[in-house]
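Letter by letter, the chains look like this.
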Amino acid sequence: MNKTLYLLLIVLIANTAWAQDVTNPVIDGKVLNAANDKTLQNVHIVNLNQVIGTVSDEKGDFELRAKVNDTLYFSYLGFKSIRVRVTNDWLKFGKIRIKMTELSIALEEVVIRPIQLTGYVEVDAKIIPIYDNYRYRIAGVGSGYEGGSTKPGAVSKVLSAIFNPADFLYNVFGKRPKQMRKLRQMKEDDEIRNLLQSKFNRETLMMVLQLERVDIDEILNNCSYSRDFISSANDLQILDAISECYEEYKVLNRNRG
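Now for a quick tour of the structure.

It is worth spelling out the packing of aromatic side chains at this point. Scanning the entire structure with this criterion turns up 3 aromatic pairs. For the pair tyrosine 76 and phenylalanine 79, a centre-to-centre distance of 5.3 Å together with 50° between the ring planes defines the contact as tilted. For tyrosine 76, a relative accessible area of 25% translates into the label partly exposed. For phenylalanine 79, a relative accessible area of 10% corresponds to the buried category.

Structure (structure tokens):
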């Protein structure tokens, strides 16, 4: 009897593993420099749907579990980050070549338009653009707001005029339960943690959590993190800070109920 149960257990485990391989197979590919087709080593690849990651090896090769329509996010220092959708052809024919473009090549042309002054102070004062003011967007509100100053508290004054902290956190977290689940998954994946520890540009966080850079800054600002921390922390520290903020929000939300 015990032997029969043992055999059934083995069959069940084998069937489960086979089903996982069929529905969520391992795909492979190679990452290259688009300029010269040289392989790129240590490119970070994140499956944005499943929140798992890997890196390319010395030959530019990588393997990662993915399903059709999953989106893979490729990032590498000095290169333009890209997103690639997994297709049936990729699963059917195997390894594909992903080409990344260096930032120096990817930069778009900047058009400088001369400012035509009239000679009248009242008119010219309105024509000349002011570049040292900051514009802030608040998650959940359609319009933007001018801080009007770079001094500390400019953002807080705008926010406090519209939301109290509980309302602000609800607008950020309460309407994004899926993204917050992804946040927890990111913390559990070693490859993603290693990636975030070496990055300071917030790109991966923005892609996975579907937030803008200004949203991330506003979240941390409303959770009482200092400007110095927000501007200098690496992406892993930012991830942990957002996670801590989210846990505080859940407690706050229960108290509101």
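Here the narrative resumes.
Here the focus is the sheet that holds strand β4 (residues 61-65). Taken together, 3 strands build an open sheet; the order of strands is β4-β1-β7 and the sheet is mixed. Every interior strand has two partners, whereas the edge strands, β4 and β7 (96-100), have only one. Ignoring which end each strand starts from, the neighbouring axes of this sheet average 35° apart. As judged from the 5 bridges shared by strand β1 (residues 26-33) and β7, these two strands associate in the parallel manner. The partner of asparagine 33 across the bridge, within β7, is methionine 100.

What follows deals with the state of the cysteines. All chains considered together, the criterion is met by 1 disulfide. Residue pairing for cysteine 223: its cysteine sulfur links by disulfide to cysteine 245, the two sulfurs lying 1.6 Å apart. Pair noted here: cysteine 223 is in the loop between α10 (213-222) and α11 (227-232) and cysteine 245 is in helix α12 (residues 235-256), with a separation of 22 residues, a long-range link.

Evaluation of the coordinates by the stated rule reveals 8 salt bridges. Between lysine 30 and aspartate 61 there is a salt bridge, with the nearest N and O atoms lying 2.9 Å from each other. Pair noted here: lysine 30 is in strand β1 and aspartate 61 is in strand β4, with a separation of 31 residues, a long-range link. Across this residue pair, the class does not change: lysine 30 and aspartate 61 are buried. Where aspartate 235 meets arginine 202, a salt bridge forms, and the shortest distance between an N and an O atom there is 2.7 Å. With aspartate 235 in helix α12 and arginine 202 in the loop between α8 (190-197) and α9 (203-209), this residue pair connects regions lying 33 residues apart in the sequence. In this pair, the class of aspartate 235 matches that of arginine 202, namely buried. Bridged by salt links that share partners, the residues Lys30, Asp61 and Lys95 form one connected network.

Definitions and cut-offs
- Residues numbered from 1 in each chain as written.
- Predicted model: local features only at pLDDT ≥ 70, side-chain atom pairs only at ≥ 80, totals over all residues.
- Heavy atoms only, no water.
- Phe/Tyr/Trp six-rings, centres within 6.5 Å; stacked < 30°, edge-to-face > 60°.
- Buried < 20%, exposed > 50% of the residue type's maximum accessible area, 1.4 Å probe, protein only.
- Pairing = 2+ DSSP bridges.
- Helix = DSSP H or I, 4+ residues; strand = E, 2+ residues; numbered from the N terminus.
- Axes fitted to C-alpha atoms, helices over the stretch in contact; angles between N-to-C directions.
- Disulfide = S-S within 2.5 Å.
- Salt bridge = Lys/Arg side-chain N within 4 Å of Asp/Glu carboxyl O.

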